[in-house]
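Listed below are the residues making up each chain.
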Amino acid sequence: MHLIYTLFKFLKANILFICMIIGMVFHGYIVRVAFLTPYLLFSMLLITYCRVSIRLIRPKPLHFRLSCVQIVGCLSVYFILNPLNPDLAEGCMLCILAPAATSSPVIAGLLGGSITGMATYSILSNLSVAFIAPSVFSFLGTPGLNPGETVNFIHTFATICTKVIPLLLGPFVLAFTLKKVTPEIHAKLQKKQIYSFWLWAVALTIVMANTTSKTAEMMENDDASFWHIVPIAAGAAVVCLLQFLTGRFLGKKYNEKIVGGQGLGQKNTILAIWMAGTFFGPLAAVAPASYVVWQNLINSYQLWKFRRKPDETT
């Protein structure tokens, strides 16, 4: 009995690392259920948003600072790296320009951070990128488009909004509706925040399987060699770490280290991969695809550390 308890405790403490490995090793099988990811994210956000008070949803100075770093950082990195490697420059630029992940309020909550602050920035970040991205792509040029084709601002804006708004606002509206219409169900969900953690573990397994599968497919179908991909993946790792550290540094001034770190570091990589494939080239997509691995490694480590020391903030 003691052995079973010890094994369960070990699995619970390391479940996210285990999920990542399972997703990568068995990606060929798990990728078949990739269609479940939006539903898992929706459920996670619904449970998490049941803890949010709509009266506290408002932009703060930290949110605007994070947005400024996002915009200035993506352009700076592009112009610094473009003379060395255009694919690396495009990929790293997208990893910075990409908005905060829709799941970032869930992770922020699991880490003991402000769900309300993170939810506010997630909505603000995604909406701002929908406005900013078309202008940035027009300014930088888009080699992924056909010759003579230009970025259509309205179409790009509408497409980005279609991809992110339902998943961002849907759970929030439903949580608010449940509170007004069926407060009993709302109260039960509010007390079951641990469900978000296990839903995230399942979603993480599927996300890692999907990323591994897409990367393997890219290497098989394109002319890119291993040595073309490695510098781009390494660049994404550096950008990922710097964004988490910069976000935590900025957040520390407002006693919001977790919101700052997750807001700047945890990215909507699905949207970034779509932007890379639509406006740039397949090699540019390597950066946000590998960013999935790096950000989940960092998040898994943070959650592991936080669950070992629940009385301390990370």
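**Overview of the overall build of the protein chain**
Looking only at helices and strands, the protein chain features 15 helices and 0 strands. Counting all 314 residues of the protein chain, 49% fall into the buried class. Considering only residue pairs separated by 6 or more positions, the protein chain has 82% of its internal contacts joining residues 24 or more positions apart. If you sum the accessible surface of the protein chain, you get close to 15,400 Å²; carbon and sulfur atoms cover 69% of it.

**Some thoughts on the nonpolar core**
Among the nonpolar cores identified, the biggest contains 45 residues, and Leu-16, Tyr-49, Trp-200 and Leu-303 are the most heavily contacted of them. The leading source of residues in this core is helix H11 (residues 194–221), at 8 residues. For Leu-303, the residues in contact, after removing those within four places along its chain, are Leu-16, Ile-107, Leu-110, Leu-111 and Trp-200. In terms of nonpolar packing, the next biggest core, distinct from the first, is built from 40 residues, Cys-74, Leu-88, Leu-97 and Ala-130 among them.

**Points about the pattern of salt bridges**
For the structure shown, the criterion picks out 1 salt bridge. For Glu-256, the salt bridge is made with Lys-60, and the minimal N-O distance between the two is 3.8 Å. With Glu-256 in the loop between helix H12 (226–252) and helix H13 (257–265) and Lys-60 in the loop between helix H4 (37–49) and helix H5 (61–81), the pair connects residues that are 196 residues apart, well separated along the chain. With a relative accessible area of 35%, Lys-60 lands in the partly exposed category.

**Structural notes on unusual backbone geometry**
At Asn-255, a residue that is not glycine, the phi angle is positive and equals roughly 60°. Examined against the element boundaries, Asn-255 turns out to sit in the loop between H12 and H13. When its relative accessible area of 71% is taken as the criterion, Asn-255 is described as exposed.

**As for the environment of Val-286**
Positionally, Val-286 belongs in helix H15 (residues 286–308). Classification of Val-286 as buried rests on a relative accessible area of 6%. With 71 residues separating them in the primary sequence, Val-286 and Thr-215 have C-alpha atoms 7.3 Å apart. In this view, Val-286 contacts Met-218, Ile-229, Ile-232 and Ala-233; residues no more than four positions away in its chain are not counted.

Definitions and cut-offs
Residues numbered from 1 in each chain as written. Predicted model: local features only at pLDDT ≥ 70, side-chain atom pairs only at ≥ 80, totals over all residues. Heavy atoms only, no water. Helix = DSSP H or I, 4+ residues; strand = E, 2+ residues; numbered from the N terminus. Buried < 20%, exposed > 50% of the residue type's maximum accessible area, 1.4 Å probe, protein only. Contact = heavy atoms within 4.5 Å. Areas by Shrake-Rupley, 256 points an atom, 1.4 Å probe, with all protein chains shown as cover. Core = buried A, V, L, I, M, F, W, Y, C linked by side-chain atoms within 4.5 Å. Salt bridge = Lys/Arg side-chain N within 4 Å of Asp/Glu carboxyl O.

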